[in-house]
Amino acid sequence: MTDPSGIDGVPNGRLTFRTVWGGPSPQAGFIEEVARIKQRLRTVEFSYRLDLFLTVGGEITPVPGPSGLRTPRVFLSRRTATGEIRISNDDVSAAADPVAFLQQTIHQAIAELMSRIAARDPAFDADTEREKIAFLDDEDTVDAQAVPDAETPAGERMRE
């Protein structure tokens, strides 16, 4: 019988998102894109359980600092990794394509979390795991961020 935790070497982790919208009016297409990303990831098996809290800043709850992964944690014994992906409304507003910026930011955050797992677990194959999220880093989204991080309003606040 196979251990459902995947600890016996059988990968069966999933990536889950919990999402908080920081205002009544998220960028056009964001809610639909997050739902699409969740749908595509629903059936993908990872060797770790990845639990991410996605916060999209807005008028009510702004997200300070540049967008990206925050508070990453890796639990080797449970084969679980957690973190928060924060997306700044200022960064989204400066992006040429906000939906592509969302995809790119989520991709970079998950890839960073996978790098953290690989640093602690030598058996973790980060390249193979990253291939499973490659659809988020489609060539059409590579240039999605029109302005470098340091030049966005959130990046400027971080320098101050």
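Residues numbered from 1 in each chain as written. Predicted model: local features only at pLDDT ≥ 70, side-chain atom pairs only at ≥ 80, totals over all residues. Heavy atoms only, no water.

Visitor: Outline the packing of aromatic side chains, supporting the account with residue identities and numerical values.
Guide: Following the criterion strictly, the structure yields one aromatic pair and no others. Their ring planes at 85° and their centres at 5.5 Å tell us that Tyr48 and Phe124 sit as a pair that is edge-to-face. Residue Tyr48 is found in the loop between α1 (30-41) and β2 (49-56), and its partner Phe124 is found in the loop between α3 (98-120) and α4 (126-131); the two are separated by 76 residues along the sequence. The side chain of Arg40 reaches across the aromatic face of Phe135, ending 3.9 Å from its centre. Its guanidinium or amino end placed over the ring of Phe75, Arg78 lies 4.1 Å from that ring's centre, counting from NZ or CZ. (Phe/Tyr/Trp six-rings, centres within 6.5 Å; stacked < 30°, edge-to-face > 60°. Helix = DSSP H or I, 4+ residues; strand = E, 2+ residues; numbered from the N terminus. Lys NZ or Arg CZ within 6 Å of the ring centre and 35° of its normal.)

Visitor: Break down α1 for me, with residues and values.
Guide: For α1, with twelve residues, the first-to-last C-alpha span of 16 Å sits near the 16 Å given by 1.5 Å per residue. Taken as a whole, α1 has its buried residues at Phe30, Glu33, Val34, Ile37 and Leu41. Taken around the axis of α1, the buried residues stretch over an arc of 100°, which confines them to a single face. Here the buried face of α1 lies against β1 (15-21), β2, β4 (80-87), α2 (89-94) and α3. (Expected span 1.5 Å × (residues − 1). Buried < 20%, exposed > 50% of the residue type's maximum accessible area, 1.4 Å probe, protein only. Arc of directions from axis to C-beta. Contact = heavy atoms within 4.5 Å.)

Visitor: Pulling in residues and values, what's your account of the confidence of the model for the protein chain?
Guide: Per-residue confidence for the protein chain averages 81 on the pLDDT scale, and 79% of its residues sit at or above 70. Scored below 50 in pLDDT, residues 1-7 makes eleven contacts in the model with residues more than four places away or belonging to other chains. Predicted confidence for residues 140-160 stays below pLDDT 50, and this span has 38 contacts to residues more than four positions away or in other chains. (pLDDT = per-residue confidence, 0-100.)

Visitor: Outline the pattern of salt bridges, supporting the account with residue identities and numerical values.
Guide: Enumeration according to the criterion identifies eight salt bridges in this entry. Arg36 is the salt-bridge partner of Glu33, the closest N and O atoms lying 2.7 Å from each other. Note that Glu33 and Arg36 are positioned in helix α1 at a spacing of three residues, about one turn of the helix. Glu33 gets classed as buried once you look at its relative accessible area, which sits at 8%. A salt bridge links Glu129 to Lys132; the shortest N-O distance between them is 2.9 Å. (Salt bridge = Lys/Arg side-chain N within 4 Å of Asp/Glu carboxyl O.)

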